[in-house]
Amino acid sequence: MRYADGPGTRCEVFVGAPVERVWELVTDINLPARLSPELQRVAWLNGADGPVVGARFEGHNSHASMPDWRTVSEVTELTGAAGPVGPDGRRVFAWGVMDADGRYGEPVSDLAGALARWRFELTPEDGGTRLHQSVVIGPGRSGASLVIDAKPELEEKIVDFRLNELRTGMTATLEGIKSLAEQGR
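Note that the coordinates shown come from a computational prediction; the quantities given were computed from them, not determined experimentally.

The rules behind each value
- Residues numbered from 1 in each chain as written.
- Predicted model: local features only at pLDDT ≥ 70, side-chain atom pairs only at ≥ 80, totals over all residues.
- Heavy atoms only, no water.
- Pairing = 2+ DSSP bridges.
- Helix = DSSP H or I, 4+ residues; strand = E, 2+ residues; numbered from the N terminus.
- Axes fitted to C-alpha atoms, helices over the stretch in contact; angles between N-to-C directions.
- 1 Å grid on protein atoms, 1.4 Å probe; cavity = no way out; pocket = protein on both sides within 12 Å on 5 of 7 lines; lining within 4 Å.
- Points joined across faces, edges and corners; volume = space filled by probe spheres on them.
- Nonpolar A, V, L, I, M, F, W, Y, C, P; charged D, E, K, R; others polar.
- pLDDT = per-residue confidence, 0-100.
- Core = buried A, V, L, I, M, F, W, Y, C linked by side-chain atoms within 4.5 Å.
- Buried < 20%, exposed > 50% of the residue type's maximum accessible area, 1.4 Å probe, protein only.
- Phe/Tyr/Trp six-rings, centres within 6.5 Å; stacked < 30°, edge-to-face > 60°.
- Salt bridge = Lys/Arg side-chain N within 4 Å of Asp/Glu carboxyl O.

### A few points about the sheet that holds strand β3 (residues 56-63)
Link 1 in the chain: The sheet built from 7 strands is open, its strands ordered β1-β7-β6-β5-β4-β3-β2 with antiparallel pairing. Each edge of the open sheet is held by one strand with a lone partner, namely β1 (8-15) and β2 (39-44). Neighbouring strand axes in the sheet, compared pairwise and without regard to direction, differ in orientation by 20 degrees on average.
Link 2 in the chain: Examined bridge by bridge, strand β5 (residues 91-98) and strand β6 (residues 116-125) share 7 bridges and lie antiparallel to one another. The residue bridging A94 from the neighbouring strand is R119, located in β6.

### Quick word on the layout of surface pockets
Link 1 in the chain: Here the largest pocket defines a volume of roughly 980 Å³.
Link 2 in the chain: Those elements that provide at least two residues to the lining of the largest pocket are β2, β3, β4 (66-79), β5, β6, β7 (128-137), α3 (143-150) and α4 (155-183).
Link 3 in the chain: Considering every element that reaches the lining of the largest pocket, the biggest residue donor is α4, with 9 residues.
Link 4 in the chain: Here the lining of the largest pocket is built from residues that sort into 28 nonpolar, 14 polar and 3 charged.

### Description of the confidence of the model for the protein chain
Link 1 in the chain: A residue-level look at the protein chain finds 95% of positions with pLDDT of 70 or above and a mean pLDDT of 92.
Link 2 in the chain: Mean pLDDT in the protein chain bottoms out at helix α2 (residues 31-35), which sits at 87, and peaks at β1, which reaches 98.

### A short note on the nonpolar core
Link 1 in the chain: Grouped together as the largest cluster of nonpolar side chains are 43 residues, with contacts concentrated most on V22, F120, L131 and I177.
Link 2 in the chain: When residues in this core are grouped by element, the largest group, 9 residues, is from α4.

### Notes on the packing of aromatic side chains
Link 1 in the chain: What the rule picks out here adds up to 4 aromatic pairs.
Link 2 in the chain: Each member of the aromatic cluster is reached from another via a ring pair, and the members are W44, F57, F93, W95 and F120.

### So, helix α1 (residues 19-26)
Link 1 in the chain: The element α1 is extensively covered by neighbouring structure, given that 6 of its 8 residues are classed as buried.
Link 2 in the chain: Turning to α1, its buried residues number three or more, namely V19, R21, V22, W23, L25 and V26.

### What about the pattern of salt bridges?
Link 1 in the chain: By the definition in use, this model includes 15 salt bridges.
Link 2 in the chain: Across the pair E58 and R70 runs a salt bridge whose closest N-O atoms are separated by 2.8 Å. Taken as a pair, E58 in strand β3 and R70 in strand β4 lie far apart in primary sequence, 12 residues in all.
Link 3 in the chain: Among the residues examined, E58 registers a relative accessible area of 18% and is labelled buried.
Link 4 in the chain: Classification of R70 as partly exposed rests on a relative accessible area of 23%.
Link 5 in the chain: Across the pair D149 and R141 runs a salt bridge, and its minimum N-O distance is 2.5 Å.

### Notes on the pairing of β5
Link 1 in the chain: Counting buried positions over the 8 residues of β5 gives 8, a clear majority of the element.
Link 2 in the chain: Taking every second residue as pointing to the same face, both faces of β5 are buried, with R91, F93, W95 and V97 on one and V92, A94, G96 and M98 on the other.

Right, here's the structure in full:
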């Protein structure tokens, strides 16, 4: 798969806790920074104090193979406690990530140039919650773009490697959310 194809990946876990409890956790933007191997800290921007469509937050990231970087994300979808719940009780929290500082090319402040789009989906299931997390990378430039620029003949392997890294981080995040939700913390 090529970067321009908009590759993505998806992970899921069953959480033995009600959707409302899991929703509290996934809409807390600080929680993934505690669980993710890459995201280090986050903060709401421009006076926002919680998720609403259009609200923005910054993320500070770290990866062993590159210098730390900052992103700006915008909430793109919110179906649930702050909005209408889907017909099957499904809730969604989604956001696009932009390279606002121009770390990988020109600065991006518009979602059309997002370097990634992330999404949590929660669906009630058997007294608990089926929790999915997904990501689609591109079309905006990212750290993977820099590696592809240096070795274009390896693009498919680079994309596959990056998707595997993201799956590893997503699995850690989902397992952390599951643990917290089931412990009631």
